[in-house]
Amino acid sequence: MWAHHIGSYVAFVQYEIRVQGHLESRWSAWFDGLSLARADDGTTVIRGPVVDQAALHGLIQKLRDIGIPLVSVTQLRTEGD
(Lines give C-alpha, C1' and ligand atoms only; values in the text may rest on other atoms or scores of the structure.)
Protein backbone atom coordinates (compact mmCIF):
# COMPACT_ATOMS: atom_id res chain seq x y z
CA MET A 1 0.00 0.00 0.00
CA TRP A 2 1.34 3.44 -0.95
CA ALA A 3 0.35 6.80 0.38
CA HIS A 4 1.20 10.38 -0.29
CA HIS A 5 3.27 11.60 2.64
CA ILE A 6 5.04 14.94 2.90
CA GLY A 7 5.59 15.36 -0.80
CA SER A 8 6.80 11.84 -1.51
CA TYR A 9 5.47 8.35 -1.74
CA VAL A 10 6.34 6.01 1.08
CA ALA A 11 5.35 2.43 1.72
CA PHE A 12 3.16 1.59 4.68
CA VAL A 13 4.64 -1.14 6.81
CA GLN A 14 2.42 -3.97 7.98
CA TYR A 15 2.52 -4.74 11.70
CA GLU A 16 1.01 -7.37 13.92
CA ILE A 17 0.45 -6.26 17.50
CA ARG A 18 -0.57 -9.00 19.94
CA VAL A 19 -2.21 -8.05 23.23
CA GLN A 20 -3.42 -10.03 26.21
CA GLY A 21 -7.17 -10.68 26.32
CA HIS A 22 -9.91 -10.50 23.74
CA LEU A 23 -10.98 -7.15 22.31
CA GLU A 24 -14.34 -6.69 20.62
CA SER A 25 -14.28 -5.84 16.90
CA ARG A 26 -15.72 -2.38 17.70
CA TRP A 27 -12.23 -1.42 18.91
CA SER A 28 -11.02 -1.52 15.28
CA ALA A 29 -12.11 2.08 14.67
CA TRP A 30 -10.20 3.19 17.77
CA PHE A 31 -7.08 1.60 16.26
CA ASP A 32 -7.39 3.56 13.00
CA GLY A 33 -9.22 0.77 11.16
CA LEU A 34 -6.65 -1.97 11.75
CA SER A 35 -8.12 -5.46 11.79
CA LEU A 36 -8.66 -7.29 15.07
CA ALA A 37 -8.71 -11.06 15.41
CA ARG A 38 -9.23 -13.13 18.52
CA ALA A 39 -6.71 -15.94 18.90
CA ASP A 40 -7.33 -19.25 20.65
CA ASP A 41 -4.52 -18.54 23.11
CA GLY A 42 -6.53 -15.74 24.75
CA THR A 43 -4.86 -12.89 22.89
CA THR A 44 -6.06 -10.40 20.29
CA VAL A 45 -4.05 -9.74 17.15
CA ILE A 46 -4.23 -6.19 15.79
CA ARG A 47 -2.93 -6.16 12.23
CA GLY A 48 -2.58 -3.71 9.40
CA PRO A 49 -0.57 -0.96 7.75
CA VAL A 50 1.11 1.70 9.86
CA VAL A 51 2.44 4.81 8.14
CA ASP A 52 5.58 5.30 10.24
CA GLN A 53 7.28 4.73 13.59
CA ALA A 54 5.48 7.68 15.20
CA ALA A 55 2.12 6.12 14.32
CA LEU A 56 3.28 2.76 15.66
CA HIS A 57 4.32 4.34 18.96
CA GLY A 58 0.95 6.10 19.07
CA LEU A 59 -0.86 2.76 18.78
CA ILE A 60 1.27 1.25 21.54
CA GLN A 61 0.63 4.29 23.72
CA LYS A 62 -3.13 3.86 23.24
CA LEU A 63 -2.82 0.28 24.50
CA ARG A 64 -0.85 1.45 27.51
CA ASP A 65 -3.34 4.21 28.26
CA ILE A 66 -6.25 1.77 28.50
CA GLY A 67 -4.20 -0.78 30.44
CA ILE A 68 -4.09 -3.59 27.89
CA PRO A 69 -0.97 -5.76 28.34
CA LEU A 70 1.22 -5.85 25.22
CA VAL A 71 2.45 -9.33 24.25
CA SER A 72 4.40 -8.64 21.05
CA VAL A 73 4.92 -6.28 18.12
CA THR A 74 6.02 -7.83 14.83
CA GLN A 75 6.84 -6.14 11.56
CA LEU A 76 5.41 -8.32 8.81
CA ARG A 77 7.22 -8.98 5.59
CA THR A 78 5.88 -7.22 2.54
CA GLU A 79 6.41 -7.82 -1.15
CA GLY A 80 9.93 -6.94 -2.14
CA ASP A 81 11.42 -7.71 1.30
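Just above, that's the structure.
Presented here is an overview of the structure given in this document. (Residues numbered from 1 in each chain as written. Predicted model: local features only at pLDDT ≥ 70, side-chain atom pairs only at ≥ 80, totals over all residues. Heavy atoms only, no water.)

Concerning the packing of aromatic side chains
Here is step 1 of the chain: On inspection of all chains with the given rule, the structure shows three aromatic pairs.
Here is step 2 of the chain: Aromatic pair W27 and F31: ring centres 6.5 Å apart, planes at 35°, arrangement tilted.
Here is step 3 of the chain: Relative accessible area serves as the criterion here: at 24%, W27 is assigned to the partly exposed category.
Here is step 4 of the chain: Geometry around W30 places K62 over its ring, the cationic atom sitting 5.1 Å from the centre. (Phe/Tyr/Trp six-rings, centres within 6.5 Å; stacked < 30°, edge-to-face > 60°. Buried < 20%, exposed > 50% of the residue type's maximum accessible area, 1.4 Å probe, protein only. Lys NZ or Arg CZ within 6 Å of the ring centre and 35° of its normal.)

Some words on helix 1 (residues 53-65)
Here is step 1 of the chain: Helix length check: helix 1, at 13 residues, gives a terminal C-alpha distance of 18 Å against a target of 18 Å (1.5 Å per residue), a fit within 8%.
Here is step 2 of the chain: Every buried residue of helix 1 is accounted for by L56, L59 and L63. Angularly, the buried residues of helix 1 cover 60° about the axis, an arc narrow enough to put them on a single face. For helix 1, exposure combined with an orientation more than 90 degrees from the buried face picks out A54, H57, R64 and D65.
Here is step 3 of the chain: In this structure, the buried residues of helix 1 make contact with strand 3 (13-20), strand 5 (43-50) and strand 6 (70-75).
Here is step 4 of the chain: Between the side-chain oxygen of the N-cap and the backbone nitrogen of A54 there are 3.2 Å, and the N-cap of helix 1 in question is D52.
Here is step 5 of the chain: Positive phi shows up at G67, right after helix 1, with a value of about 75°. (Helix = DSSP H or I, 4+ residues; strand = E, 2+ residues; numbered from the N terminus. Expected span 1.5 Å × (residues − 1). Arc of directions from axis to C-beta. Contact = heavy atoms within 4.5 Å. Polar contact = N/O pair within 3.5 Å; in protein donor to acceptor, adjacent residues only side chain to side chain.)

Some points on the pattern of salt bridges
Here is step 1 of the chain: In this structure the tally under the stated criterion is six salt bridges.
Here is step 2 of the chain: Measuring nitrogen to oxygen at the nearest pair gives 3.6 Å for the salt bridge that ties R18 to D41. Here D41 lies in the loop between strand 4 (35-38) and strand 5 and R18 lies in strand 3, a separation of 23 residues in the sequence.
Here is step 3 of the chain: Since its relative accessible area comes to 51%, D41 is described here as exposed.
Here is step 4 of the chain: A salt bridge links D32 to K62, with the shortest nitrogen-to-oxygen separation between them at 3.9 Å. Placement of D32 in the loop between strand 3 and strand 4 and of K62 in helix 1 is noted, with a sequence separation of 30 residues between them.
Here is step 5 of the chain: On the basis of relative accessibility, which here comes to 61%, the residue D32 falls in the exposed class.
Here is step 6 of the chain: Looking at K62, the relative accessible area reads 23%, which means it is partly exposed.
Here is step 7 of the chain: By sharing partners, the salt bridges in this structure join E16, R18, D41 and R47 into a single network. (Salt bridge = Lys/Arg side-chain N within 4 Å of Asp/Glu carboxyl O.)

Some remarks on the pairing of strand 5
Here is step 1 of the chain: The buried fraction of strand 5 amounts to six of the eight residues, a majority that puts the element mostly inside the structure.
Here is step 2 of the chain: Pairing of strand 3 with strand 5 involves eight bridges; the strand directions are antiparallel. When the bridges of strand 5 are listed, E16 appears paired with R47.
Here is step 3 of the chain: As judged from the four bridges shared by strand 4 and strand 5, these two strands associate in the antiparallel manner. From the neighbouring strand, A37 faces strand 5, where its bridge partner is V45. (Pairing = 2+ DSSP bridges.)

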